[in-house]
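Structural characterization, general
The lines below spell out each chain.
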Amino acid sequence: MINSNKMKAIVINEYGDEHKLTAANIPIPEINDNQILIKIKSIGVNPIDWKTRQGLRQKRYPFQFPIILGQEAAGIVVKVGKNVTNFSENDEVIAYGTPSNRGTYAEYFAIDADLAGHKPANQSFQAAAGLGLTGTTAWEALFEAGNLQAGQTVLILAGSGGVGSLAIQLAKNAGAHVITTTSGKNIDFVRSLGADEVIDYTTNHFSEKTLSVDLVFDTLGGNNQVDAFKVVKPGGKIVSIVETTEQADELSDQYHVTFSKINGHAQHNVITKLSQLFADNKLKITVAQQLPFSVENAQKLQKISETGHVVGKLIMTI
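Structure report, in brief. (Residues numbered from 1 in each chain as written. Predicted model: local features only at pLDDT ≥ 70, side-chain atom pairs only at ≥ 80, totals over all residues. Heavy atoms only, no water.)

1. Description of the sheet that holds strand S4 (residues 67-68)
Defined as follows: Pairing between two strands is assigned when DSSP locates at least 2 bridges connecting them. Only runs of H or I of at least four residues qualify as helices and only runs of E of at least two qualify as strands under DSSP, and these elements are numbered from the N terminus.
Strands sit in the order S2-S1-S4 across an open sheet of 3 strands; the sheet is antiparallel. Here the strands that pair on one side only, and so sit at the sheet edges, are strand S2 (21-27) and S4. Bridging between strand S1 (residues 6-12) and S4 involves 2 bridges; their strand directions are antiparallel. When the bridges of S4 are listed, Val11 appears paired with Ile68.

2. Considerations on empty space enclosed by the protein
This is how the line gets drawn: Grid spacing is 1 Å over the protein atoms alone, the probe is 1.4 Å, and a cavity is where that probe fits but cannot get out, while a pocket is an open set with protein on both sides within 12 Å along at least five of seven lines and lining residues have an atom within 4 Å of a point. Grid points are joined across faces, edges and corners, and a volume is the space filled by probe spheres set on the points. Lys, Arg, Asp and Glu make up the charged group, whereas Ala, Val, Leu, Ile, Met, Phe, Trp, Tyr, Cys and Pro make up the nonpolar group; the residues left over, Gly among them, are polar.
Overall, the coordinates contain 2 cavities of 30 Å³ or more when judged by the stated rule. Reported here for the largest cavity is a volume of approximately 90 Å³. The wall of the largest cavity is formed by 13 residues, among which Thr52, Arg57, Gly70, Gln71 and Ser100 lie closest to the centre. For the lining of the largest cavity, the elements supplying multiple residues, two or more each, are helix H1 (47-53) and S4. No other element matches H1, which puts 3 residues into the lining of the largest cavity. Of the residues contributing to the lining of the largest cavity, the split by class is 6 nonpolar, 5 polar and 2 charged. Taken as a whole, the second largest cavity spans an internal volume of roughly 30 Å³. Surrounding the second largest cavity, Gly130, Gly162, Ser165, Leu166, Lys284, Ile285, Thr286, Gly312 and Lys313 form its lining. Looking at the lining of the second largest cavity element by element, the count peaks at 3 residues for helix H4 (residues 162-173). Split by residue class, the lining of the second largest cavity holds 2 nonpolar, 5 polar and 2 charged.

3. Structural notes on the pairing of strand S6 (residues 92-96)
Note the threshold: For each residue, the accessible area found with a 1.4 Å probe, counting protein chains only, is set against the maximum for its type, and the residue is called buried under 20%, exposed over 50%, and partly exposed in between.
Burial of S6 is extensive: 4 of the 5 residues sit out of reach of the surface. Pairing analysis gives 5 bridges linking strand S5 (residues 72-80) to S6, with the strands arranged antiparallel. If you follow Ala74 over to S6, its bridge partner there is Ile94. Note: S6 against strand S8 (residues 116-118), 3 bridges, orientation antiparallel. Looking across to S8, one finds that Ala95 is bridged to Ala116.

4. A look at the pattern of salt bridges
Opposite charge on two side chains makes pairing possible when the charged atoms of those side chains draw close. What counts, and what does not: Think of a salt bridge as a Lys or Arg side-chain nitrogen and an Asp or Glu carboxyl oxygen that are within 4 Å of each other.
Inspection of the entire model under this criterion finds 8 salt bridges. Between Lys82 and Asp33 there is a salt bridge whose closest N-O contact spans 4.0 Å. Of this pair, Lys82 sits in the loop between S5 and S6 while Asp33 sits in the loop between S2 and strand S3 (35-45), and the two are 49 residues apart along the sequence. Lys82 sits in the exposed class, given a relative accessible area of 68%. With relative accessibility at 33%, the residue Asp33 sits in the partly exposed group.

5. Focus on the packing of helix H3 (residues 132-145) against H4
The geometry of a pair of packed helices is captured by two quantities: the angle between their axes and the separation between those axes. Applicable threshold: Orientation is described by lines fitted to C-alpha atoms, with helices fitted over the stretch in contact, and by angles between N-to-C directions that extend from 0 to 180 degrees. For classification purposes, an angle smaller than 35 degrees is called roughly parallel, one larger than 145 roughly antiparallel, one from 65 to 115 roughly perpendicular, and anything else oblique. In this scheme the crossing of two helices becomes right-handed for a clockwise turn of the near helix relative to the far one and left-handed for an anticlockwise turn of less than a right angle. Contacts are assigned to residue pairs that have any heavy atoms within 4.5 Å of one another.
As a packed pair, H3 and H4 sit with axes 8 Å apart at the nearest point and diverge in direction by 55°. The orientation of H3 with respect to H4, classified from their angle, is oblique. In this structure, the crossing between H3 and H4 has a hand that is right-handed. Here Thr134, Gly135, Thr137, Ala138, Trp139, Leu142 and Phe143 of H3 come into contact with H4, specifically with Gly162, Val163, Leu166, Ala167, Leu170 and Ala171. By residue class, the composition of the contact of H3 with H4 is 9 nonpolar, 4 polar and no charged.

This is the structure we're talking about:
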C-alpha cells in the first residue's frame, strides 16, 4: 500500500564527485498501462552509477536534473498497468531498468513489465538486486556478441567482480572452458564459481601466458584490452563492456580477430533465463557489502566501486 504521493530518493542536481549525492523527496512515479510500480527492497550499486554521477555519460544521455541514479534493484509490485498480464500486486521481482533520470536509488521504481523478472522465492532480495544489470551484461557479452559455444575456451578478465563472477558461472554452465584473471587472494573464490584456470595478475600477466582462446570478455579496457588481441585465436572474438581503445580496428585486422563493444540492455527473455538459473542455484550472487539506504552509504559504496577491486556485488537495502 502506498501511503503518500512522495518518496525518499538519492539524487544528484549537478555532475561531480560523491558529495553531489543528496537526499530528496520526489513524487512517486506514475506508471503507464504497460508498466509496474515496484516498492524497492534492495538496490544494486554499479560502476555505471558513478560514471553517470561524474558526467561521463551526459553526451549520450542528457538527462534533466534531478537525476536518481541506479538501474538495478529487487522489490515488491505495488501497482500494475492495465495491459500487464505477467505480474500481479505483491509479486517479488527483479528489475533492470533502462537509462533514465528516475533510477533505482529510491523507495519506488517504475519499469516496463517486459523488462522485469520474477524473483525466485528461495533467494533473498539482497542477492536478487545484484542479478539484473550484471547478469544481463554478462549474458549478452558471452552469448549474443561472443556466440560462446560448449567446448570453446573463454578468458574472462577480472573474474571476481560483479559482472565477471556471473560470467564465469554462465560460461561454465554453457560447457565452456573458463580461464579468468584475479588477484591471489581471490583465486579460491573464482575457482568456487567454476573457473578452470586462474591467472594471478599480481604475479603473471595473461598476455605472457601461452593462450589460444576463442573469446575474451574484457571488463577492464586500456592496455588489458590491447593485450587481449595477443591471446585470441585467429577468427576469435573480443567483447568489451568498457571504453574502446583507439587501436581496436588496427589490431582486429592484424590478428584477424573480431572486436565488439557492447552496452548491456534489459531484455525480458534474458532476465527470465537468469531468474530461472538463479532459482535452480546454478547462479550464485556474492554480496561483497550491503548497507542501509542513505546518502552517506551511497557515497561510501560508490567510492568502493570506483576502486575496481570489489569481490561480488555492492548492495543498498531499504
